[in-house]
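Single-letter residue listing:
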Amino acid sequence: EAFGAEVGAEMGTEMGAEIGEAFGAAFGRAPDGVWHAPGRVNLIGEHTDYNDGLVLPFALSRGVTVAAARRDDGVIDVRSRQAPTAVTAPVDGPPVVSEGWPADRAWAAYPVGVARVLREHGTGGASLLIDSDLPQGAGLSSSAALECATALALCDLHGVEIDRPALARLAQRAENEQAGIPCGLMDQSASLLCTAGHALMLDCRSGLSSQVPFDPAAAGLTLLVVDTRASHALGGGEYGRRRAECEEAASLLGVDALRDVKDLAAALGSLKDPVLRRRVQHVVTENHRVEATVGLLRAGALPEFGAMLNASHLSLRDQFEVSWPEADATVDAALRAGARGGRMIGGGFGGSVIVLAPAARAERVGEAVTAAYEKRGWTPPRFLEAVPSDGARRLG
Ligand code: ADP
Ligand code: MG
């Protein structure tokens, strides 16, 4: 399952054809079409989204595939090959989160939620079969992939045209209001707007985005995602605390969001609390690192951006204080083995690390990381090679 067992494992998706047959077995008819939406990795720009700042995600070749057929009875019937329970629900209904669904139906809050939000824009019912090659809850955004694949399918089936930036907002609304998860706009934007060979610079305040060339393989590099196998459950309260600290700092500094801090030295000088000073330092410098990374990528100086990853990791470790032992050991071992850079990704306290390595050294880097875990008696890490891929699309 989940991550490829070996460094550089192939990540292609071949679900398109097979899922049509599975749909027939489940619903007794052929689907009207098959749609795919990818997961994502955020290259740089961590804990900047809720500070109205900048992020730089790219789409993976892995994601969620959905085979679907239109229904005109106002019902959504949704099944997943990764979930035990089929769920049938009216498209016309209150926010799913208010209905108190039992745990085994909870997964369907995402697709049913999308159907309920999009209903206001003219879509209707459907039968859906979902399949995925994206690990769930690993920080690669399977939830947004599920929402975006469903959203595209419903729009196409019901002949509704919504531009992609707007569709991303609607999918985000489904996750916020229907599934009850207070996520930002990055994941849905990445899944819908990314293009192969590019990362997407997204301004989380304006919602505006632009394509930035990013093709590690063409530069002789490999971007590895290392699943540290440490669960981020412990970090739950810490994430909320960081958000609150950022809000408090912004209000003490008299700005709407930390995005608006223009003079870092002056801001640090005016804050008395050393904890708030560290948080501000991270957010402000991280936004600059996103801009610097975009500049390097646009200039074709791809290997140089490894330094930005390292700086981001140190800032997340020492200023924002959200790293965890496995992440620090991964970055350390990877750099010693010749990687150009690496950083923790996601909210912190568990999850994955990305490592930028010369392609010829990627295997050695992976071995060094594995050895570092072995030495400490940790569960072995898992690796996948991340290839910047196209966003959501119809497959057939
Ligand atoms: P992430 O988005 O980082 O993978 P989340 O916790 O946001 O983690 O979303 C994971 C949830 O999304 C799962 O617990 C499940 O409810 C839902 N989900 C994702 N992929 C699938 C799938 N293939 N089938 C059913 N539910 C899925
Ligand atoms: Mg998610």
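Residues numbered from 1 in each chain as written. Chains lettered and ligands numbered in written order. Predicted model: local features only at pLDDT ≥ 70, side-chain atom pairs only at ≥ 80, totals over all residues. Heavy atoms only, no water.

Looking at an unreviewed UniProt entry, one finds the protein named Galactokinase and attributed to Actinomadura meyerae. As its UniProt record puts it under Sequence similarities (unreviewed entry), the protein is described as follows: "Belongs to the GHMP kinase family. GalK subfamily." (UniProt positions renumbered as here; feature names shortened; annotations may be inferred.)

Draft legend 1. Spatial organisation of the UniProt feature "domain: GHMP kinase N-terminal" (unreviewed entry) in the protein. The positions that UniProt labels "domain: GHMP kinase N-terminal" (unreviewed entry) are, in the present scheme, residues 110-193. The span residues 110-193 is 58% helical and 10% strand by assignment, and the distance between its end C-alpha atoms comes to 19 Å. (Helix = DSSP H or I, 4+ residues; strand = E, 2+ residues; numbered from the N terminus.)

Draft legend 2. Expanded view of the sheet that holds strand β3 (residues 57-71). The sheet built from six strands is open, its strands ordered β5-β4-β6-β3-β1-β13 with mixed pairing. Looking along the sheet, the strands with just one partner apiece sit at the ends: β5 (87-90) and β13 (393-394). Judged from the five bridges that link them, strand β4 (residues 75-80) and strand β6 (residues 125-132) form a sheet pairing that is parallel. The residue of β6 that forms the bridge with Ser-80 is Ile-130. (Pairing = 2+ DSSP bridges.)

Draft legend 3. Just the pairing of strand β9 (residues 221-227), in detail. A large share of β9 lies buried, amounting to seven of its seven residues. Bridging between β9 and strand β11 (residues 352-358) involves seven bridges; their strand directions are antiparallel. Across the sheet, Thr-222 pairs through a bridge with Ala-357, a residue of β11. Sheet topology places β9 next to strand β12 (residues 382-385); four bridges connect them, and they run antiparallel. Paired with Val-225 across the strands is Leu-384, a residue of β12. (Buried < 20%, exposed > 50% of the residue type's maximum accessible area, 1.4 Å probe, protein only.)

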